[in-house]
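# Architecture and fold: a report
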Amino acid sequence: VVAVVGLTLTSLPSVQASPSMLPPAGHLLQDNSPCVPEYGKVAYPKVILYGETVDITLTVKAMCAGERFPLHIVLVLDASGSMAGQPNQQLKTAATRLVRSLDMENYPSTQVGVVQFNSTATTLCRLTNNTNQAVGAVNRVGAAGGTAIDKGIQEGMKVLAQGRAGLNRDEITEVMVVLSDGGNNAGCDPVLQQARQARGQGILMISICVGSGCDEACMRQVA
């Protein structure tokens, strides 16, 4: 629900507009409702002069029990040679646990995609609501070649872009989880460039740095 109100202020030669016009909680939703109202307000312009008009936009959202907006998560997993053996197995165990914890059977609007990267990046699974399909993709993550984290992020953005087609972008929460145990072969700059593009699209970036050889400073900047 969006309401736009035009106001003309006729006092004070200069004023900082900071309206407080929201109804009390429960005014729009009954007290016994399972839904919780979330209110917001924006005034534009923020500073007005005598006699000018300010537009105040009030927003009200209702979050109801058992209801969830679309949640799209892409796992960008390190498949380089340094992950061979136990690190690869630990990665698969952790990623599988994450996928199963999402309870996608009961939340049809939650979807997971899987990307692996080494010297290149490959999509193992596009966004899906099928837990077994996502877990199966995780279990196919290999361990050979170099490390190109930037290409993994770029591929992850493609997966999320495909998943938002035909949907209201403002209602989707997009998350990218990047896991790596080493530094990027081409240095950190390409990684940060791709991470900035992802954040510019509104994607929440989560980075997981494992092992003593990981470029922790770079991975911190990714998130």
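For the structure given in this document, a descriptive report is provided here. The numbering scheme is per chain: residues are counted from 1 as the chain's sequence reads. Only residues with pLDDT of at least 70 get local features here, since the model is predicted, and only at 80 or more are side-chain atom pairs given and counted; chain-wide, interface and lining totals rely on the full set of residues. In computing side-chain properties, one takes all heavy atoms of the structure into account and sets aside hydrogens as well as water.

Another point: a nonpolar patch on the surface. The grouping of Leu204, Ile206 and Ile208 at the surface amounts to a nonpolar patch, some 230 Å² of accessible area in total. Among the structural elements, isoleucine 208 can be located in strand 10 (residues 204–209). Exposure above 30% relative accessible area and the absence of a salt bridge qualify a residue for a patch, where like charges join within 9 Å and nonpolar side chains (Val, Leu, Ile, Met, Phe, Trp, Tyr) within 5 Å. Each accessible area is a Shrake-Rupley result for a 1.4 Å probe, and residues are judged covered by the shown protein chains and nothing else. For this document, the term salt bridge refers to a Lys or Arg side-chain nitrogen within 4 Å of an Asp or Glu carboxyl oxygen. Secondary structure elements are taken from DSSP: a helix is a run of H or I of four residues or more, a strand is a run of E of two residues or more, and numbering for both begins at the N terminus.

To continue, consider the pattern of salt bridges. For the structure shown, the criterion picks out four salt bridges. Note that lysine 158 is salt-bridged to glutamate 155, the shortest N-O span being 4.0 Å. Residue lysine 158 and its partner glutamate 155 are both found in helix 3 (residues 149–164); the two are separated by three residues, about one turn of the helix. The buried label applies to any residue whose accessible area, calculated with a 1.4 Å probe on protein chains only, is under 20% of its type's maximum; exposed applies above 50%, and partly exposed to all values in between. Classification of lysine 158 as partly exposed rests on a relative accessible area of 47%. Note on glutamate 155: relative accessible area 17%, which makes it buried. Of the charged contacts in the structure, one is a salt bridge between glutamate 216 and arginine 220, with a shortest N-O distance of 3.0 Å. Of the two residues, glutamate 216 and arginine 220 are both situated in helix 5 (residues 216–222); the distance of four residues between them amounts to about one turn of the helix.

With that settled, consider the state of the cysteines. Criterion for a disulfide: a pair of cysteine sulfur atoms at a distance within 2.5 Å. By the definition in use, this model includes two disulfides. A sulfur-sulfur distance of 2.2 Å marks the disulfide that ties cysteine 188 to cysteine 218. Where cysteine 188 bonds to cysteine 218 through sulfur, the torsion about that S-S bond is close to 95 degrees, and the disulfide is right-handed. With cysteine 188 in helix 4 (residues 188–200) and cysteine 218 in helix 5, this residue pair connects regions lying 30 residues apart in the sequence. Accessibility expressed as a relative area gives 4% for cysteine 218, which makes it buried. Cysteine 209 shares a disulfide with cysteine 214; S-S distance 1.8 Å. Handedness here is read from the sign of the S-S torsion; for cysteine 209 and cysteine 214, about -130 degrees, the answer is left-handed. Looking at cysteine 209, the relative accessible area reads 32%, which means it is partly exposed.

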